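# Understanding the architecture of this molecule
For reference, the chains in residue letters:
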Amino acid sequence: MPSNYHLDKRYFGDYRFEDGLSLLQIGRMYCDRTTRIDEHIQAQLIELTVVTGGKGQIIANKIPVEVKSGDIYLSLPCDSHEIVADRNDPLRFDFLAFSVEDEALSADFDRIASEYHAAELRSFKDERIPPLLANAITEVSRESKYSSELLSSILRQIAIYTVRAFDTAPQSKYPKNLKDSETLCYRLMSYIDTHIYSLKNLEELTEVVDYSYGYLSSVFKKTTGESLCDYYIRKRMEAARLMLSEGKLKITDIAERLGYSTLYAFSKAFKGHFGVSPKNLKGK
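Here's a quick rundown of the structure. (Residues numbered from 1 in each chain as written. Predicted model: local features only at pLDDT ≥ 70, side-chain atom pairs only at ≥ 80, totals over all residues. Heavy atoms only, no water.)

## Looking at the overall build of the chain
A count of helices and strands for the chain gives ten helices and ten strands. Whereas a compact globule of 284 residues would reach a radius of gyration of roughly 19 Å, the chain reaches 20 Å, a difference of no more than 12%. Overall, the C-alpha framework of the chain stretches about 55 × 45 × 40 Å when taken along its three principal axes. For the chain, buried positions account for 48% of its 284 residues. Taking the contacts inside the chain whose residues are at least 6 apart along the sequence as the reference set, 72% of them involve residues at least 24 apart. By element, 48% of the accessible surface of the chain is carried by carbon and sulfur atoms, the whole surface being about 14400 Å². Looking at the chain, you have 38 positive and 41 negative side-chain charges, and the mean spots of the two groups are 6 Å apart. (Helix = DSSP H or I, 4+ residues; strand = E, 2+ residues; numbered from the N terminus. Rg over C-alpha atoms; globule rule 2.2 N^0.38 Å. Buried < 20%, exposed > 50% of the residue type's maximum accessible area, 1.4 Å probe, protein only. Contact = heavy atoms within 4.5 Å. Areas by Shrake-Rupley, 256 points an atom, 1.4 Å probe, with all protein chains shown as cover. Lys, Arg positive; Asp, Glu negative; His and termini not counted. Charge placed at Lys NZ, Arg CZ, Asp CG, Glu CD.)

## A look at the pattern of salt bridges
Tallying each qualifying case throughout the model produces 18 salt bridges. A salt bridge links lysine 68 to aspartate 71; the nearest nitrogen and oxygen atoms lie 4.0 Å apart. Residue classification places aspartate 71 among the buried positions, given a relative accessible area of 6%. Across the pair arginine 111 and aspartate 108 runs a salt bridge, and its minimum N-O distance is 3.2 Å. Taken together, the residues span about one helical turn, with arginine 111 and aspartate 108 both in helix α1 (residues 103-115) at a distance of three residues. (Salt bridge = Lys/Arg side-chain N within 4 Å of Asp/Glu carboxyl O.)

## Side note on the sheet that holds strand β3 (residues 36-41)
Overall, antiparallel pairing links the four strands, which are arranged β3-β8-β5-β6 in an open sheet. Looking at the sheet topology across the chains shown, the edges are occupied by β3 and β6 (63-68). Strand after strand, the sheet turns through a mean of 15° between neighbouring axes, direction not considered. Alignment of strand β5 (residues 55-60) against strand β8 (residues 80-85), held across five bridges, turns out to be antiparallel. Each residue of the ladder has a partner; that of alanine 60, found in β8, is histidine 81. (Pairing = 2+ DSSP bridges. Axes fitted to C-alpha atoms, helices over the stretch in contact; angles between N-to-C directions.)

## Focus: the packing of aromatic side chains
Counted under the stated rule, the structure contains ten aromatic pairs. With 5.9 Å between their ring centres and 50° between their planes, phenylalanine 266 and phenylalanine 270 make a pair best called tilted. With phenylalanine 266 and phenylalanine 270 both in helix α9 (residues 263-274), this residue pair falls four residues apart, about one helical turn. Look at phenylalanine 266 and you get buried, because its relative accessible area is 0%. (Phe/Tyr/Trp six-rings, centres within 6.5 Å; stacked < 30°, edge-to-face > 60°.)

## Re the packing of helix α4 (residues 180-194) against helix α7 (residues 228-246)
α7 packs onto α4 with a crossing angle of 30° between their chain directions and a minimal axis gap of 10 Å. The pairing of α4 with α7 is recorded here as roughly parallel in orientation. Taken as a pair, α4 and α7 cross one another with a handedness that is right-handed. Of α7, the residues touching α4 (which contributes Leu188, Met189, Ile192 and Asp193) are Leu228, Tyr231, Tyr232 and Lys235. Of the residues contributing to the contact of α4 with α7, the split by class is six nonpolar, no polar and two charged. (Parallel < 35°, antiparallel > 145°, perpendicular 65-115°, else oblique. Left-handed = near helix turned anticlockwise from the far one by under 90°. Nonpolar A, V, L, I, M, F, W, Y, C, P; charged D, E, K, R; others polar.)

## Quick word on helix α2 (residues 129-142)
Between its first and last C-alpha, α2 extends 20 Å over 14 residues, near the 20 Å set by a 1.5 Å rise per residue. Residues of α2 that are buried: Ile129, Leu132, Leu133, Ala136, Ile137, Glu139 and Val140. On an axial view of α2, the arc spanned by its buried residues comes to 160°, and they lie on one face. Looking at the residues trailing α2, positive phi occurs at glutamate 143, about 45°. (Expected span 1.5 Å × (residues − 1). Arc of directions from axis to C-beta.)

## Description of unusual backbone geometry
Non-glycine residue asparagine 61 carries a positive phi angle of around 55°. One can find asparagine 61 in the loop between β5 and β6. Taking relative accessible area as the criterion, asparagine 61 reaches 27% and is therefore assigned partly exposed.

## What to know about the pairing of strand β4 (residues 46-53)
If a strand is regular, its side chains alternate between the two faces of the sheet. For β4, the buried fraction is high: seven of the eight residues fall into the buried class. When β4 meets strand β9 (residues 92-100), the two strands line up antiparallel, connected through seven bridges. When the sheet's bridge partners are listed, valine 51 is paired in β9 with phenylalanine 93. With four bridges connecting them, β4 and strand β7 (residues 72-75) associate as antiparallel partners. What sits directly across from threonine 49, in β7, is tyrosine 73.

Next comes the structure, spelled out in structure tokens:
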């Protein structure tokens, strides 16, 4: 992954602010013509990619989105995520990853995740965010007196401006010409995709959309041709495969992250889906 410049600060657990926001990762990257950030899982975090120059593609959940200078791209929890720089005009971008525990803001980002789940709907512009993020990068680079207070204030402003951007977004929240049943299925898929690590069982969906599980299961199967359970299993297995390919986590950690009670249960499900054990896949 060659690049001309790459600043990457990670603060998992170090910057957890009293207002319910946590700074997890922040940095700056100037790509060269061959730069490609390989596919990885976002986990339970929100990330903003602020394009400061050049152009390229952000690929979210296998969907490529063209971005250029001035664009800001919102990556949602549990997204798969790639970045490819243009060969003639390589990307330059700042990035910020954070988590939200504040109840009101968390509800706003959950709503955005549901309504703007389609990858092509998550690019926006806001002239206030780039200078705020640049200031935050300066603060983490030198960590002077009151840096923590400034970072807390900056992060909250960026989060609020992001929510406002989607509250006033002119584009359609869903692909055009959807029927009511298709919109409902879209909401269900969105919730599963963005809560793949925290969803304990599919019965939770009834609280999200206020329909009985039997009704949801019937509509989903009739509309998509795939059962709701099969969709959930497939998304869990895709997340497992990607985490295995990244090689950062032990198999037991992946099983635990995906909510399996035992390593045996996870391995059995994985082999049943892919025809190979997670241990053998990781070794390839």
